[in-house]
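# Analysis of the macromolecular model
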Amino acid sequence: VQLVESGGGLVQPGGSLRLSCAASGFTFSSYVMSWYRQAPGKERELVAGITSGGGTTTYGASVKGRFTISRDNAKNTVYLQMNSLKPKDTTVYYCKAVGSISVVYWGQGTQVTVPS
């Protein structure tokens, strides 16, 4: 099983990034996918989630209206489009997969940096 995030980097305030999480080794289309982030010394927080079929999404309060989660089950990939980025968005972003019997997989994370 692998979840491989990519697309992180350095972006100026107000800019955009698109994160990708490529999945392999499990039935991607059966899993709820989410993006989380964790700043040093803080708990991991939910950024966005999407149901297995893509019909329902949810967002953390701090990113609602700026970030959009989507998935392509044919490509086994989930995306996070991040717009209007702010310095407080700086942290590591993780991809998470949850199966029907509460099997959980995590990716290794990708760093997003928005300088102040």
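This text gives an overview of the structure that appears in the document. Every value quoted in this text rests on a predicted model; they were computed, and no experiment measured them.

## Focus on the nonpolar core
Among the nonpolar cores identified, the biggest contains 27 residues, and Met33, Trp35, Val78, Leu80, Met82 and Tyr93 are the most heavily contacted of them. Elements represented by at least two residues in this core include exactly strand E3 (17–24), strand E4 (32–38), strand E5 (45–50), strand E7 (67–72), strand E8 (77–82) and strand E9 (91–98). Sorting elements by how many residues they give to this core places E3 first, with four residues. Sequence-distant contacts of Tyr93, defined by excluding residues within four places in its chain, comprise Glu5, Leu19, Trp35, Tyr36, Arg37, Val47, Phe67, Leu80, Met82, Gly109, Thr110 and Val112.

## Some points on the packing of aromatic side chains
All chains considered together, the criterion is met by four aromatic pairs. Ring geometry for Phe26 against Tyr105: centres 5.1 Å apart, planes inclined by 45 degrees, an arrangement best described as tilted. With Phe26 in the loop between E3 and E4 and Tyr105 in strand E10 (residues 104–106), this residue pair connects regions lying 79 residues apart in the sequence. Relative accessible area serves as the criterion here: at 13%, Phe26 is assigned to the buried category. Ring geometry for Tyr31 and Tyr105: centres 6.0 Å apart, planes at 20 degrees, overall stacked.

## Side note on the pattern of salt bridges
All told, the structure shown has three salt bridges when counted by the stated rule. For the salt bridge of Arg37 with Glu45, the shortest nitrogen-to-oxygen distance reads 2.7 Å. With relative accessibility at 34%, the residue Glu45 sits in the partly exposed group. Within the structure, one salt-bridge network assembled from shared partners comprises Arg37, Glu45, Arg66 and Asp89.

## A short note on the pairing of strand E11 (residues 110–113)
Two faces make up the sheet, and in a regular strand the side chains alternate between them. Residues Thr110 and Val112 of E11 are buried on one face, while the alternating residues Gln111 and Thr113, pointing to the opposite face, are not. Here two bridges tie strand E2 (residues 9–10) to E11, and the two strands are oriented parallel to one another. Along E11, the bridge assignment pairs Gly9 with Val112. Strand direction decides the pairing type here: E9 and E11, joined by three bridges, are antiparallel. Looking across to E11, one finds that Tyr93 is bridged to Thr110.

## Focus on the sheet that holds strand E1 (residues 2–6)
Strand order in the open sheet made by the four strands is E1-E3-E8-E7, with antiparallel pairing throughout. Each edge of the open sheet carries a strand with a single partner, namely E1 and E7. Within the sheet, the average angular offset between the axes of one strand and its neighbour, ignoring direction, is 15 degrees. Taken together, the six bridges between E7 and E8 define a ladder with antiparallel strand orientation. From the neighbouring strand, Ser70 faces E8, where its bridge partner is Tyr79.

## Re unusual backbone geometry
A positive phi angle, near 55 degrees, is found at Asn76, a position not held by glycine. Inspection of the secondary structure puts Asn76 in the loop between E7 and E8. On the accessibility criterion, Asn76 (28% relative accessible area) is partly exposed. At Ser84, a residue that is not glycine, the phi angle is positive and equals roughly 50 degrees. Structurally, Ser84 is set in the loop between E8 and E9.

Conventions used here
- Residues numbered from 1 in each chain as written.
- Predicted model: local features only at pLDDT ≥ 70, side-chain atom pairs only at ≥ 80, totals over all residues.
- Heavy atoms only, no water.
- Core = buried A, V, L, I, M, F, W, Y, C linked by side-chain atoms within 4.5 Å.
- Buried < 20%, exposed > 50% of the residue type's maximum accessible area, 1.4 Å probe, protein only.
- Helix = DSSP H or I, 4+ residues; strand = E, 2+ residues; numbered from the N terminus.
- Contact = heavy atoms within 4.5 Å.
- Phe/Tyr/Trp six-rings, centres within 6.5 Å; stacked < 30°, edge-to-face > 60°.
- Salt bridge = Lys/Arg side-chain N within 4 Å of Asp/Glu carboxyl O.
- Pairing = 2+ DSSP bridges.
- Axes fitted to C-alpha atoms, helices over the stretch in contact; angles between N-to-C directions.

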